[in-house]
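Structural features, examined
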Amino acid sequence: MDEPAANAGPGKYSAGTQTVIAVIVIGLLLLGCVLVLIPFASAILWAIILSFSSWGIFNAIKRMLGGRASLAALAMTLLLAGIVVAPFVIVGSSLAGNVSDVIEAIRRTFAAGPPQPPQWINDVPVIGPHIQGYLSGLANDQNARKEFIHNLIAPLKEVALELGKALGHGIFEISLSLVVCFFLYRDGEAAAARLESAAYRVGGERGSRLLEVARLTVKGVVQGILGTALIQGVGGGIGFWIAGVPGAFLLGFATFVLSFVPLGPMLLWAPAAGWLYYQGATGWAIFLVIWSVISNTVVEQVLKPIIIARTGGTPFLIVLFGA
C-alpha cells in the first residue's frame, strides 16, 4: 500500500535533487535582485566610487567626532552634497538666464550684419568664392540674417531644454548616490573586511596585494580626474567672466563636463574668443586664448598626472604618458 500523501516531505528527494532545487532557488533570487537593482546601477556605482575615493576624509571626520560612525557618515554625506550636488542645482537655477544671455548676444551680433568679407577669401581655391558669396549675403540681406539667426538659435533652445532634463536626472542620480554613500560610510569597514577576507581566500597574499593596488588606483584616478575637471571648470568660468563673455557660469560648468574629453574645453573657449574678436575686443580675445591654453595645459598635462601618481601609487612617468 502506498504511504499517505501527508507523510511526503523533503526527505523523499535525494540529496542531489535537493541541491539542484536550492541552486535554482538561489539563482532566481539573485536574478530578481539584479533586475531590481539595474535601474539604480549607475547611482550605486557612483556611490561606491565616491565613498571609496574619499574614505581618508571620512576617517578624519570620524576621528574629529570621537569615532561616531553614523554622525561622521552624515557629515561626510552633507559635505559631498555641498561639493557635488550644489553646482548642479546652481546651474539648473541659472540655466534659463544664461541661455537668454547667449541668445541675446547672438542676436545683437548679427542684427546689424557682419562686415564685408575681405577680398582675399575670394581668391581661396574651390571654396573661396562660395564663402565670399555666403558672407556677402549675410552682410547685405536682412532676411538672410534673420534666417541664419533663427537656424542658430533654434538648436540652442533645444539643447538647453535637453540639458535641463539631463541636469534634473543627474541631480536625482547623485542624490540617490549620496543616500547610498551614507550607508557605505557607516558600514563600509565591515564590508571592506569581508571583501579583504574573500580576496585572501581566493588569491592569498597576491589577492590582498591586488586588492590594495586596485584601491589605490581607483582612488588616484577618481581624485585626479574629478579634481582637475573641477579646477578646469572653475578656471574656465573665471576666464569667461573676466573677459565679459555672456553666460560665464554656464560655460564654466560646460568646461567642467567637457574636461573629461581630450581637448574638450577648446570647443568652448575657441568660439568665445572668436566672438570677442568679432565684437572688437581683440585684447580680451587674446587674453581668453592665453588664459585657456595655459590653465588647461597646466591642469591637464601636469597637475592631473601628479595627483594620479601621488594618490594612486602608479609611476609618474606612466601616468604622464597616459594623460
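The structure reproduced in this document is the subject of the present report. Owing to the predicted nature of the structure, the values given are computational and were not obtained by experimental measurement. (Residues numbered from 1 in each chain as written. Predicted model: local features only at pLDDT ≥ 70, side-chain atom pairs only at ≥ 80, totals over all residues. Heavy atoms only, no water.)

**Quick notes on the packing of aromatic side chains**
The description of an aromatic ring pair uses the distance of the two centres, along with the angle that the planes make with each other. Inclusion rule: Think of it this way: a Phe, Tyr or Trp ring, Trp meaning its six-membered ring, pairs with another when their centres are within 6.5 Å, and the plane angle makes it stacked under 30 degrees, edge-to-face over 60, tilted otherwise. Only protein chains enter the area calculation, which uses a 1.4 Å probe; residues under 20% of their type maximum are buried, those over 50% are exposed, and those in between are partly exposed.
Under the counting rule described, the total for this entry stands at six aromatic pairs. Between Phe182 and Phe183, the ring centres sit 5.2 Å apart and the planes meet at 80°, which makes this aromatic pair edge-to-face. Look at Phe183 and you get partly exposed, because its relative accessible area is 41%. What links up through ring pairs into an aromatic cluster is the set Trp55, Phe58 and Tyr185.

**Observations concerning the environment of Ala199**
Filter applied, for reference: For the purposes of this entry, the term helix denotes a DSSP run of H or I that reaches at least four residues, the term strand denotes a run of E that reaches at least two, and both are numbered from the N terminus. Note on definitions: a residue-residue contact is assigned when non-hydrogen atoms from the two residues lie within 4.5 Å.
Within the element layout of this structure, Ala199 appears in helix α6 (residues 142-243). Each C-alpha atom of the pair Ala199 and Leu210 lies 8.7 Å from the other, and the pair is eleven residues apart in sequence. Excluding residues that lie within four positions of it along the chain, Ala199 makes contacts with Gly204, Gly207, Ser208 and Leu211.

**Some points on helix α2 (residues 41-53)**
Inclusion rule: Expected span of a helix, by definition, is 1.5 Å for each gap between consecutive residues, and there is one gap fewer than residues.
Over its 13 residues, α2 extends 18 Å from the first C-alpha to the last, a length consistent with the 18 Å expected when each residue adds 1.5 Å. Taken as a whole, α2 has its buried residues at Ala43, Ala47, Leu50, Ser51 and Ser53.

**Thoughts on the pattern of salt bridges**
For clarity, the cut-off: Salt bridges are counted wherever a side-chain nitrogen of Lys or Arg sits within 4 Å of a carboxyl oxygen of Asp or Glu.
This structure, assessed with the given rule, holds one salt bridge. Arg186 serves as the salt-bridge partner of Asp187, at 3.2 Å between the closest nitrogen and oxygen. Classification of Asp187 by relative accessible area gives partly exposed; the value is 37%. Under the relative-accessibility criterion, Arg186 is labelled partly exposed at 33%.

**Quick look at the nonpolar core**
We count it as follows: Only buried Ala, Val, Leu, Ile, Met, Phe, Trp, Tyr and Cys residues count toward a nonpolar core, and they belong to the same one when joined by side-chain atoms within 4.5 Å.
Counting 13 residues, the largest nonpolar core has Phe58, Met76, Leu80, Leu178, Cys181 and Tyr185 as the members making the most contacts within it. Where this core is concerned, the elements lending two or more residues are α2, α3 (55-64), α4 (69-111) and α6. Residue contacts for Phe58: discarding those within four places in its chain leaves Ala69, Ala72, Ala73, Met76 and Tyr185. One finds Phe240, Ala248, Leu251 and Leu288 within the second-largest nonpolar core, a separate group that totals twelve residues.

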